[in-house]
Amino acid sequence: MFVDDRILTLFKRNAHHTLTYWSVFFSFGLCIAFLGPTILDLQCQTHSTLSQITWVFFAQQFCLLIGSSIGGVFKRTLLSALSALFVSALVISIIFSIIPLCNNVLLLAIAMAVSGLAMGIIDTIANIQLVTIYQKDSAVFLQALHFFIGFGALVSPLIADPFLSETGCGNHTGNATEIMHHFRDLLRNSPIAEHNITHTVVSHDGGEGSDSIVHYAFWIMALINLPVPLAVLFLMYREKLLPCCRGSTPPLLDKDELAMESQQGTQGPEVEQIQHEAGGHGDFFSCCQNDNLRGLPLSFFMIHILGGMVLFMTDGIVGAYAGFVYTYATKPPMLLPHKTAGYLASIFWAAITAGRLLSIPLSYRFQPVRLLMFNLAGAIVTVLLLLIFYTSHTFLFVGTCLCGLFLSSIFPCMLAYTEDILDYQGCATSVLVTSAGMGEMVMQVLVGSIMNTEGSYSFLLCGVIIACLGFIFFIALMLFQRMHRNYLTGTSKKSTMVEEAAPDSNGSAKAEQKEENDAS
């Protein structure tokens with residue numbers, strides 16, 4: 001069979017939970033991708049300038065980091081985890097529905113900040129819960145989880161595209177025009193959406209005409225997302241976590257925790273001590289408390305740091321490439337037509353989605369460390385070839401597709417690999433999710449600034465440097481993994497010697513006592 005019976009049995013046992021976590025990640029993807037294509041219409045709606053509307057991006061990304069950092073605090077019980085997912089998914093639908101009512105940039109930034117906070121909480125909780133349920137088999141299910149981000153990121157712009165306007169607001173020149181065309185043409189010129197069905201009448205003073213119907217796109221996305229919080233609510237009902245249906249049957253997670261405790265009983269006492277001191281999966285800030293860090297080896301900390309740095313670099317490439325490949329393609333030496341260059345972002349996201357789907361069976365066949373090595377090396381070679389053949393239009397499209405395929409599965413593989421090293425009791429999930437989001441935000445700003453000052457050629461050069469740094473951090477992570485394994489092995493031997501010596505000392509003491517009694 002393609003997947004053995006054990007994996008299928010695990011999935012069937014936890015199917016309801018797993019499908020629910022996958023669905024909330026669809027909400028995540030739906031919310032993360034709509035802002036770019038609709039930014040022109042939102043600028044018209046809020047009567048704002050380009051410099052003002054860019055704060056909307058910052059507000060969303062910054063609050064996404066905060067949500068990722070604090071998301072682990074909601075996993076203490078199944079009730080709090082599912083409640084947080086329900087509220088977050090519902091908030092996304094509410095935000096979609098009220099965006100058309102935000103008539104100034106401040107209100108829009110606040111709305112996007114709230115959505116970013118909800119997205120960050122979803123990101124951390126869904127990853128933690130799947131890792132907790134499947135543990136050493138989590139790689140397959142994490143790949144599927146992150147496939148739904150790509151799926152939602154593809155669906156969202158395609159829904160918005162027919163309702164977008166063709167013209168801008170006011171007189172924009174220079175870089176402003178280029179950036180606005182960049183956001184507009186990312187998906188407008190995709191093979192799926194050849195033209196828009198409506199036009200917006202825009203006045204020269206930046207006002208929006210009465211023919212704008214972009215609000216329909218947001219209301220449609222709100223309706224599409226509405227079944228997700230209902231699915232979470234239904235899971236809470238099935239697990240008897242709602243106040244109206246409390247019962248004596250323990251929730252599924254309680255049963256899983258009992259099973260985990262029985263599994264941990266077969267491990268050495270030194271591993272249990274490390275796990276207890278690590279404090280389990282927590283939020284980013286609780287991981288930094290002194291009580292949780294006391295007595296742990298250096299390798300434990302370095303695994304978290306280096307794993308986070310790998311994702312800081314690789315997710316940074318994803319954000320920078322998706323954001324600026326269009327700008328790079330329309331500048332010298334490429335000078336592609338705007339319509340042709342508009343295909344690149346769609347190809348990149350489609351490749352990421354296909355790569356995550358392909359990685360589901362690969363994660364079952366191969367260990368995460370091998371997939372990570374292959375994907376990181378492939379990303380470096382691809383970006384390096386793009387740099388060498390920087391004048392080839394054909395290879396730009398081929399390289400964009402390959403780059404998306406190689407980068408697609410690095411995050412879930414790194415999450416499964418790092419948690420496996422730490423016996424699923426560290427703070428890796430919270431640290432890695434936070435580091436990945438921070439890398440995506442920072443690298444977009446850094447690469448965009450370098451391109452603005454040094455020219456478009458620096459775009460691929462930055463990609464090569466960032467990919468090589470990610471590979472170096474991964475090699476260092478493998479070295480510290482050996483150190484951590486040796487530490488656990490040495491601690492295990494020491495504990496075994498202590499246990500073997502204890503009966504001998506008791507036996508010799510009893511023998512001496514018996515000899516004294518016989519002599520008397």
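Scroll up to find the structure.
Residues W55, F58, F62, I66 and L117 make up a contiguous nonpolar surface patch of roughly 480 Å² in combined accessible area. Here the nonpolar patch gets four residues from one element, more than from any other, and that element is helix α4 (residues 50–70). In this fold, F62 is placed in helix α4. Judged by relative accessible area, F62 falls into the partly exposed class, the value being 40%.

Those residues of helix α9 (residues 215–225) that sit buried are A217, F218, M221, A222 and N225. What you see down the axis of α9 is that its buried residues fit within an arc of 140 degrees, all on one side.

For the coordinates displayed, the defined rule picks out 19 aromatic pairs. When the centroid spacing of 5.5 Å and the interplanar angle of 35 degrees are considered together, the rings of Y321 and F459 count as tilted. Of this pair, Y321 sits in helix α14 (residues 298–330) while F459 sits in helix α20 (residues 458–519); the two residues are 138 residues apart in sequence, bridging distant segments of the chain. Judged by its relative accessible area of 4%, Y321 is buried. Ring centres of F374 and F406 lie 5.6 Å apart, and the angle between their planes is 65 degrees; this geometry places the pair in the edge-to-face category. Highlighted residues: F374 in helix α16 (residues 368–388) and F406 in helix α17 (residues 393–408), separated in sequence by 32 residues. On the accessibility criterion, F374 (54% relative accessible area) is exposed. Relative accessible area serves as the criterion here: at 16%, F406 is assigned to the buried category. Ring-pair connections join several aromatic residues into one group, and the members of that group are F11, W22, F26, Y134, F141, F147, F148 and F151.

Packed helices, taken two at a time, are described by the angle between their axes plus the distance between the axes. Across the interface, helix α2 (residues 15–32) lies against helix α5 (residues 78–98) with an axial gap of 11 Å and an inter-helix angle of 30 degrees. Crossing handedness for the pair α2 and α5: left-handed. Mapping the contact onto sequence places H17, Y21, V24, S27, L30 and C31 in α2 and L78, L82, L85, I92 and F96 in α5. Of the residues contributing to the contact of α2 with α5, the split by class is nine nonpolar, two polar and no charged.

What counts as what
- Residues numbered from 1 in each chain as written.
- Predicted model: local features only at pLDDT ≥ 70, side-chain atom pairs only at ≥ 80, totals over all residues.
- Heavy atoms only, no water.
- Patch = residues over 30% accessible without salt bridge, like charges linked within 9 Å, V, L, I, M, F, W, Y side chains within 5 Å.
- Areas by Shrake-Rupley, 256 points an atom, 1.4 Å probe, with all protein chains shown as cover.
- Salt bridge = Lys/Arg side-chain N within 4 Å of Asp/Glu carboxyl O.
- Helix = DSSP H or I, 4+ residues; strand = E, 2+ residues; numbered from the N terminus.
- Buried < 20%, exposed > 50% of the residue type's maximum accessible area, 1.4 Å probe, protein only.
- Arc of directions from axis to C-beta.
- Phe/Tyr/Trp six-rings, centres within 6.5 Å; stacked < 30°, edge-to-face > 60°.
- Axes fitted to C-alpha atoms, helices over the stretch in contact; angles between N-to-C directions.
- Left-handed = near helix turned anticlockwise from the far one by under 90°.
- Contact = heavy atoms within 4.5 Å.
- Nonpolar A, V, L, I, M, F, W, Y, C, P; charged D, E, K, R; others polar.

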